[in-house]
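What the coordinates show
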Amino acid sequence: VSELGLESEILPIKPDHVASRNRYLYVKGRLHQMPSGLRAAFRTTPPFSRPIIQSVLKEILVRRGKAEDESVHAFVSRRLGSELADIAVDSICRGVFAGDSRLLSFRSCFPPLFEAERSRGSIFLGLLMGSEARPGIESSDLAMRAFIESWSQWSLKRGMQSLPEALVDSLSAQEQVELHHHAKVKSVNIDGGVWEIKLEDGASLKADHVISCLPASAHPLSEQLRSIATVTVAVVNLEYEGPILPVSGFGHLVPSSEDPALLGVVYDSVPFPEHNRRGGVTTRLTVMMGGAWFEQAFGCPDSVSEQMLLERAVKAVTSHLSLTSEPVWSFVAVLKNCIPQYHLGHWKTLEKMRQYISKHNLPLTLAGASYDGVSVNDVIFSGRTAAEGLVGKC
């Protein structure tokens, strides 16, 4: 962001912002604020039947056998109890990965927590006693500022689309860069240590080294990589006139036991009112649906009706937030195969593939959301690490 000249555009969300403090769960037909802060940890807060601190103390005091890998749900059930696993962690996995916590790998989805338990026998002791991750000394002032101020979210004044647009503008201005837009990779072959990449637009490229950010499920080089699953998410954006929310915060998540089809609702206008239309107060919501439950709930992504998805989203927010008005604007997008799923054994798949690349001296680096993190921050870090592996740190 700094290198692209977008630093003045950034919109940070800090811990004291209402979107950081207030996050909700929709359980048994009601919104419940998730416990936040030390005081809340000592109180019994619905939908939970006991204070969070009891689970924390039990996790610290009771030693249990460590597993090489297990599902997120199994790990949390073992360490913190089934209630937190069934409600909170199930919902978080749906919000972050649009995935099923009973299938997702704890080791691959939450590596800092996995390492904390492995090193200290407790995730909380490991986090308290371990060294806190922080940007390196070569990091930008902005990265250090984000760390010190503990940003929970960030965006840009003109929206996140301005990030890839700035990347394209920056690269296009460099004579040694050649860009091919909307040109699918048709084949990738290596001969004598030189790659030949053929694109569907007819172009043929030669390269000494390839950094592949293709989704693993579409990778032409390895059947093993194609085994990494992806899920489809329906995203419905809604806009209402005026301030219509009964609560203020980041949004609410929905556990799979409540409604498998509905993952959650983000209250976009709360953290980023700068993105509202000019000329009046509006409320913008993003409804996320489907994920690991898409086909079960809506059928084939290629044939699902956008009108049906819109009606389903409007019905959900009307019920969850007790709305009495209709949206004045809406947009429906079906994002096919958009989020990789780090299922059990994901780390072994990556280890085997990277060992194969190293053993055969392949001039290839794997990067992107399919491997070591699905967030925007993870993907930026993955790409930067891949580039630095070739040319060193600038």
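Counting from 1, residues in each chain are numbered in the order their sequence is written. Whole-chain, interface and lining totals are the exception, using all residues; otherwise, since this is a predicted model, local features are given only for residues with pLDDT of at least 70 and side-chain atom pairs are given and counted only at 80 or more. The side-chain values count all of the structure's non-hydrogen atoms but skip hydrogen atoms and water molecules.

The name given to the chain in an unreviewed UniProt entry is Protoporphyrinogen oxidase, and the organism recorded there is Danionella cerebrum. Entered under Function (unreviewed entry) in the UniProt record, the comment concerning the chain runs "Catalyzes the 6-electron oxidation of protoporphyrinogen-IX to form protoporphyrin-IX." UniProt positions are given in the numbering used here, feature names are shortened, and annotations may be inferred rather than shown by experiment. According to UniProt, the comment filed for the chain under the heading Sequence similarities (unreviewed entry) is "Belongs to the protoporphyrinogen/coproporphyrinogen oxidase family. Protoporphyrinogen oxidase subfamily."

So, on to the pairing of strand β7 (residues 204-207). Strands pair, by our definition, only if DSSP identifies at least two bridges between them. Counting from the N terminus, the helices are the DSSP runs of H or I reaching at least four residues and the strands are the DSSP runs of E reaching at least two. For strand β6 (residues 194-199) and β7, the ladder comprises four bridges, and the chain directions are antiparallel. Each bridged residue has a counterpart across the sheet, and for Ile 197 the counterpart in β7 is Leu 205.

With that settled, consider the pattern of salt bridges. Salt bridge, as applied in this entry: a Lys or Arg side-chain nitrogen positioned within 4 Å of an Asp or Glu carboxyl oxygen. For the structure on display, the rule yields 17 salt bridges. The closest approach of N and O atoms between Glu 70 and Arg 78, which form a salt bridge, is 2.4 Å. For the pair formed by Glu 70 and Arg 78, the shared burial category is buried. Its salt-bridge partner being Glu 241, residue Arg 277 comes within 3.7 Å of it at the nearest N-O pair. On the criterion of sequence distance, the pair formed by Arg 277 in the loop between β11 (262-266) and β12 (282-291) and Glu 241 in strand β9 (residues 230-241) is long-range, its members being 36 residues apart. Between buried and exposed lies partly exposed: a residue is buried under 20% and exposed over 50% of the maximum accessible area for its type, with that area taken using a 1.4 Å probe on protein chains only. Of the residues examined, Glu 241 reaches a relative accessible area of 49% and is grouped as partly exposed. Residues joined in a network through salt bridges with shared partners are Glu 70, Arg 78, Arg 79 and Glu 117.

Considering only enclosed or pocket space, the second largest pocket measures out at about 200 Å³ in volume. For the lining of the second largest pocket, the elements supplying multiple residues, two or more each, are β14 (364-366) and α15 (376-391). Residue contributions to the lining of the second largest pocket peak at seven residues, all from α15. The class makeup of the residues in the lining of the second largest pocket is four nonpolar, seven polar and three charged. Points on a 1 Å grid, built from protein atoms alone, make a cavity when a 1.4 Å probe fits but cannot get out and make a pocket when they are open with protein on both sides within 12 Å along at least 5 of 7 lines; residues with an atom within 4 Å of a point are the lining residues. Grid points are joined across faces, edges and corners, and a volume is the space filled by probe spheres set on the points. All amino acids are sorted into three groups, where Ala, Val, Leu, Ile, Met, Phe, Trp, Tyr, Cys and Pro are nonpolar, Asp, Glu, Lys and Arg are charged, and the leftover types, Gly among them, are polar.

We now examine the nonpolar core. Here the nonpolar core consists of buried residues drawn from Ala, Val, Leu, Ile, Met, Phe, Trp, Tyr and Cys, with membership extended through side-chain atoms lying within 4.5 Å. With 31 residues, the main nonpolar core has Val 236, Leu 238, Val 287, Met 289 and Val 317 as its most contacted residues. At the level of secondary structure, the elements contributing two or more residues to this core comprise β1 (10-13), β2 (24-27), β9, β11, β12, α12 (294-298) and α13 (306-320). Sorting elements by how many residues they give to this core places α13 first, with six residues. Here a residue-residue contact requires only that any non-hydrogen atoms of the pair lie within 4.5 Å. With sequence-adjacent residues up to four places away left out, Val 317 is seen in contact with Leu 238, Tyr 240, Val 265, Leu 285, Val 287, Ser 322 and Leu 323. Formed by 24 residues, the second largest nonpolar core is a distinct cluster that contains Leu 25, Val 56, Ile 123 and Tyr 342.

Bringing the domain arrangement of the chain into the picture now. What the domain assignment lists for the chain is domain 1 (180-228 + 343-389) and domain 2 (230-340). A straight line from the C-alpha centre of domain 1 to that of domain 2 covers 33 Å. Residue ranges for the domains originate in an automatic or database domain assignment.

This next bit is on the sheet that holds β9. Taken in spatial order, the seven strands line up as β3-β2-β10-β11-β12-β9-β13 in an open sheet, and their pairing is mixed. The outermost strands of the open sheet, each flanked by one partner alone, are β3 (30-33) and β13 (329-340). Mean inter-strand twist for the sheet, computed between neighbouring axes without regard to direction, equals 25°. Summarising the sheet, β11 and β12 pair through four bridges and their orientation is antiparallel. Residue pairing for β12: Gly 264 is matched across the bridge by Met 288. Note on geometry: axes are lines fitted to C-alpha atoms, helical ones only across the stretch in contact, with angles between N-to-C directions running from 0 to 180 degrees. Its contacts with the sheet put α13 on β2, β3, β9, β10 (251-253), β11, β12 and β13, and the angle it makes with β9 is roughly 60°.

The next thing to look at is the sheet that holds β6. In spatial order, the strands read β5-β6-β7; together these three strands make up an open sheet with antiparallel pairing. Every interior strand has two partners, whereas the edge strands, β5 (185-191) and β7, have only one. Across the sheet, the axes of successive neighbouring strands diverge by a mean angle of 20°, strand direction being ignored. Bridge count between β5 and β6: six bridges; the pairing is antiparallel. The residue bridging Asp 191 from the neighbouring strand is Val 194, located in β6.

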